[in-house]
Amino acid sequence: SPVDRSGVWRFRDLLPIVADERNIVTLSEGNTPLYELPRSAEALGLDRLLAKHQGMNPTGSFKDTGMTAALSVAKEMGYRWVACASTGNTSAALAAYAARARMQSLVLIPEGKIAWGKLSQAMDYGALTLQLRTDFDGCVQVLSEVVRKAPVYLLNSVNPYRLEGQKTPAFEIAEQMDWSVPDHVIVPGGNLANCSALGKGFLEMKSLGITDKLPRISVIQASGANPLYRSMMANGGEHLEPVEANTRASAIRIGNPASWRKAVRILRETGGWCEEVNEAEIALAKAEIGAEGIGCEPASAVTLAGLKKLVQKRRVASSETTVLLLTGHTLKDSDYTIAYHRGELLREEEAAPLKPEIELTRRNT
Ligand code: F0G
């Protein structure tokens, strides 16, 4: 059945979601590839570097694994409307799964601050799409007012069912490694739900005895949107001060992340780290992932940029295996890619200090 082919629902024994099978809303999500990154591995002196490409999901991002779970619950509970605030990928996934469930969807996005590919998806799948003259954090505030007044099911990443779906890539990674786990998993950090969900997946596998250890889960933020990084540096994650966020990796342009406490817990329990990477480091890493014949969106490329720092600091050893979590497809934000390769993305002072350690790509003009 379509349910058994889904990379999320084939693990339903491990999901505390009471869904009558007839209410399951699926687009055959999950079952994404785990790619080798041989050129980057060689350049960094690592024996093995892998990329779990969640951009290969039906709407092109990791959000689909969470949305299939949450929309199924929404359908079971009899909701007619679902809604989210988003930097683009959540809104695309929500719109698609709501359409499949024959439900109405409302998405609030920050005007001019999301990639066109994502905006076009929300429209294509038929969401009521509102661009607000604010940032992501402002959209979250407006939406919390809306759901107080209307019978709308809120599907932001604090929704626990989304996290249940988003933990399943952890199961797939282990499965694809013959039920072992990597030494390191590296995840981009925005609203900080995804690192928490994956951590939950790895913790559950270990406590069930399916795997025998935990990977160190590290979170990488853009330096212009780095509230978790600052919090870890300043007070070890005891307290988080929201920041005014700005980065060209628009998916993770978030200053006040909802799930930061969960993220800190995962960093502590798995022994991972939080790093920040600047705009030039992100752009170069994205080009390098492209040069492997794989590609990803800018927010996903922070993982490779962050790995370079962890290798420099000798936190990742050459004999250890690392999995980068690539969260979005390269076609999500083609404007970024074209601007970079034309030499129009970075200001000269941003690009100048960067001495590429990996000689993989030549910029095209
Ligand atoms: N990578 C991509 C491509 C994303 O779209 C997001 C988040 C993240 C990483 C960060 O994940 O928030 O769980 O830490 N996108 C959300 C959205 C905020 O609205 O699409 P996170």
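Bear in mind that the values here come from a model prediction, so they are computed numbers and not experimental data.

A.B. asks: Explain the pairing of strand β10 (residues 321–326) residue by residue, including any values.
C.D. replies: Where burial is concerned, most of β10 is hidden: six out of the six residues are buried. Across six bridges, the pairing between strand β2 (residues 48–53) and β10 is parallel. Its bridge partner lying in β10, Leu-49 is registered against Thr-322. Of the pairings in the sheet, the one linking strand β7 (residues 184–188) to β10 comprises three bridges and is parallel in character. Its bridge partner lying in β10, His-184 is registered against Thr-322.

A.B. asks: Outline the packing of helix α3 (residues 63–76) against helix α4 (residues 89–100), supporting the account with residue identities and numerical values.
C.D. replies: α4 packs onto α3 with a crossing angle of 40 degrees between their chain directions and a minimal axis gap of 9 Å. Taken together, the axis directions place α3 and α4 in an arrangement best described as oblique. Our pair here, α3 against α4, has a crossing hand that is right-handed. Seen from α3, the contacting residues are Lys-63, Asp-64, Met-67, Thr-68 and Leu-71; seen from α4, they are Asn-89, Thr-90, Ala-93, Leu-94, Tyr-97 and Ala-98. Residue classes in the contact of α3 with α4 are distributed as six nonpolar, three polar and two charged.

A.B. asks: Please set out the sheet that holds β7 residue by residue, giving values where relevant.
C.D. replies: Strands in a sheet are paired, the pairing made by backbone hydrogen bonds, and the direction either parallel or antiparallel. Ordered in space as β1-β2-β10-β7-β8-β9, the six strands form an open sheet in which the pairing is mixed. The outermost strands of the open sheet, each flanked by one partner alone, are β1 (34–36) and β9 (274–277). Ignoring which end each strand starts from, the neighbouring axes of this sheet average 25 degrees apart. With five bridges joining them, β7 and strand β8 (residues 216–222) adopt parallel strand pairing. Bridging from a neighbouring strand, His-184 pairs with Arg-216 of β8.

Parameters at a glance
Residues numbered from 1 in each chain as written. Predicted model: local features only at pLDDT ≥ 70, side-chain atom pairs only at ≥ 80, totals over all residues. Heavy atoms only, no water. Buried < 20%, exposed > 50% of the residue type's maximum accessible area, 1.4 Å probe, protein only. Helix = DSSP H or I, 4+ residues; strand = E, 2+ residues; numbered from the N terminus. Pairing = 2+ DSSP bridges. Axes fitted to C-alpha atoms, helices over the stretch in contact; angles between N-to-C directions. Parallel < 35°, antiparallel > 145°, perpendicular 65-115°, else oblique. Left-handed = near helix turned anticlockwise from the far one by under 90°. Contact = heavy atoms within 4.5 Å. Nonpolar A, V, L, I, M, F, W, Y, C, P; charged D, E, K, R; others polar.

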